[in-house]
Amino acid sequence: MFLRSRSAVVLALAAGIAAPAAAHSAKTCLENEMTTLSEILREAQEADVFVRIDKQYAYGDDSKPYDELCTAYEKTSDERKKQVKIVKVNGDNEGADIIKELDAEDEDAWPTYFLFKKGTKNSDLKPKFLEEARYSGEERSSDKLAEYLHEKTGATIGSFVYSLGMMDTLASKFVSAKDSESAAYRDIQRKVILYSSKLLGFMVKFRADSELKMVADLYVKAFAKSMESDDYAQKQTDRIKKLMEKDNNMSNAKREQMSQKLHILSKFTEPKELTAAENRSLLKNIGMNIALFIAFIVTLLQMIFGAPEEEKKEEGDGEEAEGDDDNEEEEDVEE
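Concerning the overall build of the protein
At step 1: A count of helices and strands for the protein gives 12 helices and 5 strands.
At step 2: Long-range pairs, those at least 24 residues apart, make up 78% of the contacts in the protein with a sequence separation of at least 6.
At step 3: When the accessible surface of the protein is split by element, carbon and sulfur atoms take 49% of a total near 19700 Å².

So, helix H7 (residues 165-176)
At step 1: For H7, built from 12 residues, the straight-helix expectation of 16 Å at 1.5 Å per residue is met to within 8% by its first-to-last C-alpha distance of 17 Å.
At step 2: Counted residue by residue, H7 has 10 buried out of 12 residues, so it is predominantly covered.
At step 3: Taken together, the buried positions of H7 are Gly-165, Met-166, Met-167, Asp-168, Thr-169, Leu-170, Ala-171, Ser-172, Phe-174 and Val-175.

Points about the nonpolar core
At step 1: With 32 residues, the main nonpolar core has Leu-164, Met-167, Leu-170, Phe-223, Ile-264 and Phe-268 as its most contacted residues.
At step 2: By residue number, the principal contributor to this core is helix H9 (residues 210-228), which donates 8 residues.
At step 3: Once residues within four sequence positions are removed from consideration, Phe-223 is found in contact with Met-167, Leu-170, Ala-171, Phe-174, Ile-193, Leu-194, Ser-197 and Phe-268.

Considerations on the packing of aromatic side chains
At step 1: A complete count under the given rule lists 9 aromatic pairs for this structure.
At step 2: Residues Phe-50 and Tyr-148 carry aromatic rings whose centres are separated by 6.1 Å and whose planes lie at 45° to one another, so their mutual orientation is tilted. With Phe-50 in strand S2 (residues 48-54) and Tyr-148 in helix H6 (residues 142-153), this pair connects stretches of sequence that are 98 residues apart.
At step 3: Owing to a relative accessible area of 0%, Phe-50 belongs among the buried residues under this scheme.
At step 4: Residue class for Tyr-148 comes out buried when judged on its relative accessible area of 12%.

What to know about the pairing of strand S4 (residues 112-116)
At step 1: Of all 5 residues making up S4, 5 are buried, and the element is well covered by its neighbours.
At step 2: Burial along S4 is two-sided: Thr-112, Phe-114 and Phe-116 and Tyr-113 and Leu-115, pointing in opposite directions, are all buried.

Re the environment of Pro-65
At step 1: Examined against the element boundaries, Pro-65 turns out to sit in helix H2 (residues 64-74).
At step 2: Considered as a pair, Pro-65 and Asp-143 are 78 residues apart in the sequence and their alpha carbons are 8.2 Å apart.

Some details on the environment of Val-220
At step 1: Within the secondary structure layout, Val-220 lies in helix H9.
At step 2: Between the C-alpha atom of Val-220 and that of Phe-202, which follows or precedes it by 18 residues, the distance is 9.7 Å.

Some words on the pattern of salt bridges
At step 1: By the definition in use, this model includes 11 salt bridges.
At step 2: Note that Lys-235 and Asp-231 form a salt bridge whose closest N and O atoms lie 3.5 Å from each other.
At step 3: Residue Lys-235 is classed as exposed on the basis of its relative accessible area, which comes to 55%.
At step 4: One connected set of salt bridges, linked through shared partners, spans Glu-43, Glu-46 and Lys-85.

Here we look at H2
At step 1: With respect to burial, H2 is a largely interior element, 9 of its 11 residues being buried.
At step 2: All buried positions along H2 are accounted for by Pro-65, Tyr-66, Glu-68, Leu-69, Cys-70, Thr-71, Ala-72, Tyr-73 and Glu-74.
At step 3: Here the buried face of H2 lies against S2, helix H3 (78-81), strand S3 (84-90), S4, H6 and helix H11 (252-269).

Remarks on a nonpolar patch on the surface
At step 1: Side chains of Ile-297, Leu-300, Leu-301, Met-303, Ile-304 and Phe-305 sit close together on the surface and give an oily, nonpolar patch of about 590 Å² of accessible area.
At step 2: Residue position: Phe-305 is located in helix H12 (residues 276-334).
At step 3: Residue class for Phe-305 comes out exposed when judged on its relative accessible area of 57%.

Here we look at the sheet that holds S4
At step 1: Across the sheet, which stays open at both edges, the 3 strands sit in the order S3-S2-S4 with mixed pairing between neighbours. The open sheet has two edge strands, S3 and S4, and neither has a second partner. When the angles between neighbouring strand axes are averaged without regard to direction, this sheet yields 20°.
At step 2: Looking at chain direction, S2 and S3 are connected through 7 bridges and run parallel. Residue pairing in the sheet places Ile-53 in a bridge with Val-89 of S3.
At step 3: Sitting on the sheet, H2 is in contact with S2, S3 and S4, with an inclination near 145° to S3.
At step 4: Against the sheet, H6 contacts S2, S3 and S4, and its axis sits at roughly 20° relative to S4.

Some words on the pairing of S3
One face of the sheet, then the other: side chains in a regular strand alternate in exactly this way.
At step 1: Burial of S3 is extensive: 7 of the 7 residues sit out of reach of the surface.
At step 2: Side-chain alternation along S3 places Val-84, Ile-86, Lys-88 and Asn-90 on one buried face and Lys-85, Val-87 and Val-89 on a second face that is also buried.

Brief notes about a positive patch on the surface
At step 1: A cluster of basic residues, Lys-221, Lys-225, Arg-239, Lys-254 and Lys-261, forms a positive patch on the protein surface.
At step 2: Listing elements by their share of the positive patch, those giving two or more residues are H9 and H11.

Comments concerning the confidence of the model for the protein
At step 1: The predicted model of the protein averages 79 in pLDDT, with 79% of residues at 70 or higher.
At step 2: Ranking the elements of the protein by mean pLDDT puts strand S1 (residues 6-10) last, at 39, and S4 first, at 96.

Some details on a negative patch on the surface
At step 1: A surface patch of negative charge is lined by Asp-92, Glu-94, Asp-106, Glu-107 and Asp-108.
At step 2: Examined against the element boundaries, Asp-92 turns out to sit in the loop between S3 and helix H4 (96-101).
At step 3: Given the relative accessible area of 41%, Asp-92 is considered partly exposed.

Reading the values: rules and limits
Residues numbered from 1 in each chain as written. Predicted model: local features only at pLDDT ≥ 70, side-chain atom pairs only at ≥ 80, totals over all residues. Heavy atoms only, no water. Helix = DSSP H or I, 4+ residues; strand = E, 2+ residues; numbered from the N terminus. Contact = heavy atoms within 4.5 Å. Areas by Shrake-Rupley, 256 points an atom, 1.4 Å probe, with all protein chains shown as cover. Expected span 1.5 Å × (residues − 1). Buried < 20%, exposed > 50% of the residue type's maximum accessible area, 1.4 Å probe, protein only. Core = buried A, V, L, I, M, F, W, Y, C linked by side-chain atoms within 4.5 Å. Phe/Tyr/Trp six-rings, centres within 6.5 Å; stacked < 30°, edge-to-face > 60°. Salt bridge = Lys/Arg side-chain N within 4 Å of Asp/Glu carboxyl O. Patch = residues over 30% accessible without salt bridge, like charges linked within 9 Å, V, L, I, M, F, W, Y side chains within 5 Å. Pairing = 2+ DSSP bridges. Axes fitted to C-alpha atoms, helices over the stretch in contact; angles between N-to-C directions. Lys, Arg positive; Asp, Glu negative; His and termini not counted. Charge placed at Lys NZ, Arg CZ, Asp CG, Glu CD. pLDDT = per-residue confidence, 0-100.

Shown next as structure tokens:
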């Protein structure tokens with residue numbers, strides 16, 4: 001409810017974009033060629049390994065998706081690269097022995113992809129295991145391969161940013177409020193939207209994972225700063241773009257953080273025009289989140305202040321029980 005859309009937007013899956021060299025390895029994804037199965041399994045003791053089998057000099061449509069995947073992989077933060085490694089096998093050259101062991105000798109089926117999960121051993125490579133490890137998807141675009149890796153390994157390939165759909169809608173509403181004829185009405189509208197963003201930010205941080213908590217904080221900050229200055233988003237956008245262009249040694253993780261900020265700021269510099277249906281949906285979602293927040297506060301208060309009363313009741317019940325026991329003992333003595 002508080003999160004109408006959580007989308008990961010690939011920033012660098014376009015062919016031809018130069019990728020900075022990976023910090024953790026001398027070999028890039030495109031250069032990381034395996035010549036023996038033992039090499040692959042050695043890599044699989046440290047991380048999941050995604051293997052591509054193809055001709056050594058493959059080109060054109062068959063090669064393009066892998067090239068794009070590698071471009072995105074090199075822009076992935078080092079922390080996420082530790083989750084999965086991407087390697088290739090030249091089936092018509094040094095990798096001839098590998099394709100026999102993996103039953104991947106059919107050149108018409110190339111490129112063929114295998115995913116070996118972390119901890120895979122040579123003894124695991126039975127026919128059924130290899131069948132499950134083989135990528136069977138009909139579509140082999142870079143996007144689909146990245147989606148497959150995310151589904152199977154949890155690894156996010158490429159430079160990604162997150163969108164909180166309801167925050168984006170609020171940003172559009174916030175920017176459009178400046179066109180109000182009355183300055184007082186504009187300020188009231190913007191303050192309502194600002195507090196709504198803080199409420200949504202609280203709900204996101206209460207229920208979402210750590211990455212989205214950081215994103216929620218960035219949204220709320222953008223609302224607060226834009227409340228102080230109409231040109232805040234544009235100035236910050238220009239400043240961040242200059243930093244990214246100037247610093248060629250910026251780490252992938254830092255560049256990804258900057259991209260996330262730019263994505264959020266763009267919702268203020270390039271707001272979309274809301275339809276009547278989107279306006280109604282926005283009001284409905286804000287109302288639902290207010291109701292959830294109130295319910296949360298009431299529950300919290302009951303937990304804090306309701307316990308002593310229950311304890312007193314239990315103590316009272318205990319004293320009554322003790323009184324009954326004393327009466328029974330007195331009756332026994334009289335008899």
